[in-house]
Protein chains: 2
Amino acid sequence: MAGQKGVSLKEVADKAGVSTATVSRVINSKTVVKGETELRVQKVIKQLGYRPNRVAQRLRTTRGASKLIGLLIPDIQNPFYVDIIRGIEQYAYAKNFAIVIGNFSQNEERQKFYIEILKSESVDAFIVAPFPGMNEYVKELVEEGYAVVCIDRGLANMDLDVVKVDNYQGAFDAVEHLINVGHTRIAHISGNTLIPTTIERISGYEAALNKYGIAIDRDIIVGRNSDHKSGVELSAQLLDMSNPPTAIFTSNNLLTLGALETIHSRGLKIPEQVAIVGFDDMYWAMSLNPPLTAVRQSGFEIGRITIELLHQRIADPTRPFVSIVLKTELIVRNSCGFKLKGM
Amino acid sequence: MAGQKGVSLKEVADKAGVSTATVSRVINSKTVVKGETELRVQKVIKQLGYRPNRVAQRLRTTRGASKLIGLLIPDIQNPFYVDIIRGIEQYAYAKNFAIVIGNFSQNEERQKFYIEILKSESVDAFIVAPFPGMNEYVKELVEEGYAVVCIDRGLANMDLDVVKVDNYQGAFDAVEHLINVGHTRIAHISGNTLIPTTIERISGYEAALNKYGIAIDRDIIVGRNSDHKSGVELSAQLLDMSNPPTAIFTSNNLLTLGALETIHSRGLKIPEQVAIVGFDDMYWAMSLNPPLTAVRQSGFEIGRITIELLHQRIADPTRPFVSIVLKTELIVRNSCGFKLKGM
DNA sequence: TGTAAAAATGTAAACGTTTACATAAATAAC
DNA sequence: GTTATTTATGTAAACGTTTACATTTTTACA
């Protein structure tokens, strides 16, 4: 049986002896209604347990007030994105926005598919961590008048609101730490090099080596995708070298976990035989053995700021674009070893 | 500027020289339209890039065809639920359902809040892993005619479609493994005891001890919430005992990670000084040191079956309720030690 | 008290679909 | 070649809101 529908605005209006327009005004409180009337309507609303039908609201309302946001996430298995989701969610619901999440699993086709779905759901806005091949699509969204904020990475050759972290500096700090602790042969397992984030991290890595006069060896900069499997395989490749690195800097958490798997399966001691520092901290990084040294970026904070920006843009679509770059923090634990004073 | 709206059904109808009803029929293909007409309309649809507005569809359509599902997740930080989400998503989108996720962070108030939001979004159906205090609410949903499927746990005293795993057997297997490997003093860190899942796992734990004639010591069965912090603190409490356990069975992945943090911070060797086996496998459990022995339950599979069930119920709301119980699998790695043959 | 201005409320169209019902066109039966 | 059926299409109402505009009520001021 189809369930009974909820109470409608009309029913409230009838019971309160006013027109639907008045009830609507009470709810949205944009126009003033007389105190007495308002009270009466409010009472009926309570009494009947009326809740506006968001679907009808969205249908009627012009874009910018539909209270629905589309969120395109590259990989929900990655705890970093989960943090972002949490941050977005926390503040979005507080502002009465609902969120539709599309997790496209790093798949270009699915990403496009979701955009279409979300459009036809009449979202006001898109939050997207764009994947290679998305430039045109995202551009289209902006042109069509959607509010769009990019997270985690910007888009080459496109002006947009972006919230991300200082990948260059984060990578730099990590590698500098390895150097300070005595390493000179430091490998880098990077991600998909079509993603700006990846490129920035490579730059940071190279800059740190340069600063300390360590030659860059392209043989120990390896990269493919930003997933667990790549981490497993690329670390194996590095450790198989005749002249293997003594330390590895991994470009994200999934790569780190993959590398750890390989290192442990070979019975290598961390940090004695191989040190590791990864981009992305995880709330259980301390539960690893040894506790992982990592570059922390706050997904939660990224989420929070994103919603803020979105809010602003919906209110004023002509506001100039901004790019917010958050600082990262190096969390030193025990996976890199340490240098004794004076050594 | 508000962006241009999409192409409407009416525009298609005009261009094709037919009525909106006909176009609607072509799209939904419930009634037959003449081949010739259909072709013409299809052509215009392609040409104009028409996509139905799901909001309008949902407003007009009676429940059961709104193509929107509400998903209430207790804790998106828990990788197990992420797997469930992935499973649900994969099959849902294939059937043209969109998903709205509400992550209520184990908070009763927020759970209720989300239910209200989702109702006013006119979802067809709810998928919910109910939290204590939800019985009445979920019951209400069913009575109101929503299709509802519970995941991960059922609801006391309520007939419903449920998809879960055999928690009793999973726990039993884990503890039996510890016993087989030589442990007799086995502690259990359990979760929120208001949740059926937790209770079932405790039963399994006790049954295994009973089978081998090991006395149950209530002092080493501890439980509070199903989160990381509880894992950290409760394991500390256990290890502080004058007569600490030699093995710990943890009731879920967050508790496991918390316990690992404590164990490592005290420099205890696993499994020599303390063994651990946890409910919930994680794709990076192998990256832990030592690789974790764990009870695997397939969230992905749970998600898949859930959608299947939901689909069935929407199609036939009178179908009798079913309870699907999936098997778990003990993944033996290195966190429990092993017994030599003949010992 | 009467009139003008301001404030409060009502009326009805619109958003983009689906669908019951009515009508028109095609086919079948005679 | 009518008439009865069947098949294809059109018409218009409905879903639950918001909002421009019209109307009514109240207040202000003389």
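For every chain, the first residue of its written sequence is number 1, and the numbers climb from 1 along that sequence. As they are written, the chains are lettered A onward and the ligands numbered 1 onward, keeping that order. Whole-chain, interface and lining totals are the exception, using all residues; otherwise, since this is a predicted model, local features are given only for residues with pLDDT of at least 70 and side-chain atom pairs are given and counted only at 80 or more. Heavy atoms from the whole structure form the basis of all side-chain values; hydrogens and water molecules are not counted.

As recorded in an unreviewed UniProt entry, chain A goes by Transcriptional regulator, LacI family and comes from Dyadobacter psychrophilus.

Draft legend 1. Expanded view of the interface of chain A and chain B. Note on definitions: a residue-residue contact is assigned when non-hydrogen atoms from the two residues lie within 4.5 Å. Between chain A and chain B, the contact holds 59 residues from the first and 59 residues from the second. Put simply, buried area is the surface a 1.4 Å probe can reach on two separate parts but cannot reach once they are joined, added for both. Carbon and sulfur atoms make up 55% of the surface buried where chain A meets chain B, a total of about 5300 Å² over both sides. Considering only the side of chain A, the residues that lose the most area to chain B are A:Val55, A:Tyr93 and A:Tyr283, jointly responsible for 13% of the buried surface there. Here a salt bridge means any side-chain nitrogen of Lys or Arg lying within 4 Å of a carboxyl oxygen belonging to Asp or Glu. Summed over the shared surface of chain A and chain B, the number is eight salt bridges. Residue A:Arg110 is joined to B:Glu89 by a salt bridge in which the shortest nitrogen-to-oxygen separation is 3.6 Å. Polar contacts, as used here, are pairs of N or O atoms within 3.5 Å; protein pairs need one atom able to donate a hydrogen and one able to accept it. Residues neighboring in sequence count only if both atoms are side-chain atoms. Where chain A touches chain B, the interface holds 18 residue pairs in polar contact (both at pLDDT 80 or more). Only DSSP runs of H or I with at least four residues qualify as helices, and only runs of E with at least two residues qualify as strands; both kinds are numbered from the N terminus onward. The set of elements that each furnish at least two residues to the side of chain A that touches chain B consists of helix 4 (54-60), helix 5 (79-94), strand 2 (98-103), helix 6 (108-120) and helix 11 (253-265) of chain A. No other element matches the eight residues that helix 5 of chain A contributes to the side of chain A that touches chain B. Gly falls in the polar group here, along with every residue not listed as nonpolar (Ala, Val, Leu, Ile, Met, Phe, Trp, Tyr, Cys, Pro) or charged (Asp, Glu, Lys, Arg). Of the residues that constitute the side of chain A that touches chain B, the class distribution is 27 nonpolar, 18 polar and 14 charged.

Draft legend 2. Examining the protein's contact with DNA strand D more closely. In the vicinity of DNA strand D lie 26 residues, with A:Leu9, A:Ser24, A:Arg60, B:Arg25 and B:Thr37 positioned nearest. Contact between DNA strand D and A:Leu9: a phosphate oxygen at 2.6 Å from a main-chain N or O atom of the residue. Between a phosphate oxygen of DNA strand D and a side-chain N or O atom of B:Thr22, the distance comes to 2.8 Å. Secondary-structure elements contributing two or more residues to the surface near DNA strand D are helix 2 (20-28) and helix 4 of chain A together with helix 2 (20-28) and helix 4 (54-60) of chain B. Broken down by element, the residue count for the surface near DNA strand D peaks at four residues, all from helix 2 of chain B. Its residues placed into classes, the surface near DNA strand D shows 10 nonpolar, 10 polar and six charged. Near is defined per residue: the residue qualifies when any heavy atom it owns lies within 4 Å of the molecule or strand.

Draft legend 3. Examining the relation of the copies chain A and chain B more closely. Least squares is the method used to superpose the copies, on C-alpha atoms of residues holding a pLDDT of at least 70 in both. Between chain A and chain B, the superposition needs a rotation of 180 degrees and an axial shift of 0.1 Å, giving an RMSD of 0.1 Å. Both copies of the chain, as the preceding transformation shows, are related through a two-fold rotation axis. Of the residues that chain A buries at the interface, 100% are likewise interface residues in chain B, meaning the two copies contact each other through the same surface.

Draft legend 4. Focus on the sheet that holds strand 12 (residues 329-331) of chain B. Residue and element names in this part refer to chain B. Across the sheet, which stays open at both edges, the six strands sit in the order 7-6-8-9-10-12 with mixed pairing between neighbours. Where the open sheet ends on each side, the last strands, each with one partner, are strand 7 (221-223) and strand 12. Going from strand to strand, the sheet's axes swing by 20 degrees on average, the running direction of each strand aside. A pair of strands is treated as paired once DSSP finds two or more bridges between them. Inspection of the sheet shows strand 6 (residues 186-190) paired to strand 7 by three bridges, in the parallel sense. Axis geometry follows a simple rule: fit a line to the C-alpha atoms, using only the stretch in contact for helices, then measure angles between N-to-C directions, giving values from 0 to 180 degrees.

Draft legend 5. Just the sheet that holds strand 9 (residues 275-279) of chain A, in detail. All names here are of chain A. The mixed open sheet is built from six strands, whose spatial order is 7-6-8-9-10-12. Each edge of the sheet is formed by a strand with only one pairing partner; in this case those strands are strand 7 (221-223) and strand 12 (329-331). Mean inter-strand twist for the sheet, computed between neighbouring axes without regard to direction, equals 20 degrees. Contacts from helix 9 (residues 196-211) reach strand 6 (186-190), strand 7, strand 8 (247-250) and strand 9, with the element oriented near 175 degrees to strand 6. Of the strands in this sheet, strand 6, strand 8 and strand 9 touch helix 11, which is tilted by about 160 degrees from strand 9.

Draft legend 6. The domain arrangement of chain A, seen in detail. Per the annotation, domain bounds derive from an automatic or database assignment of domains. By the assigned domains, chain A splits into domain 1 (1-38), domain 2 (68-164 + 299-327) and domain 3 (167-298). Put simply, the middle of domain 1 of chain A and the middle of domain 3 of chain A, counted by C-alpha atoms, are 60 Å apart.

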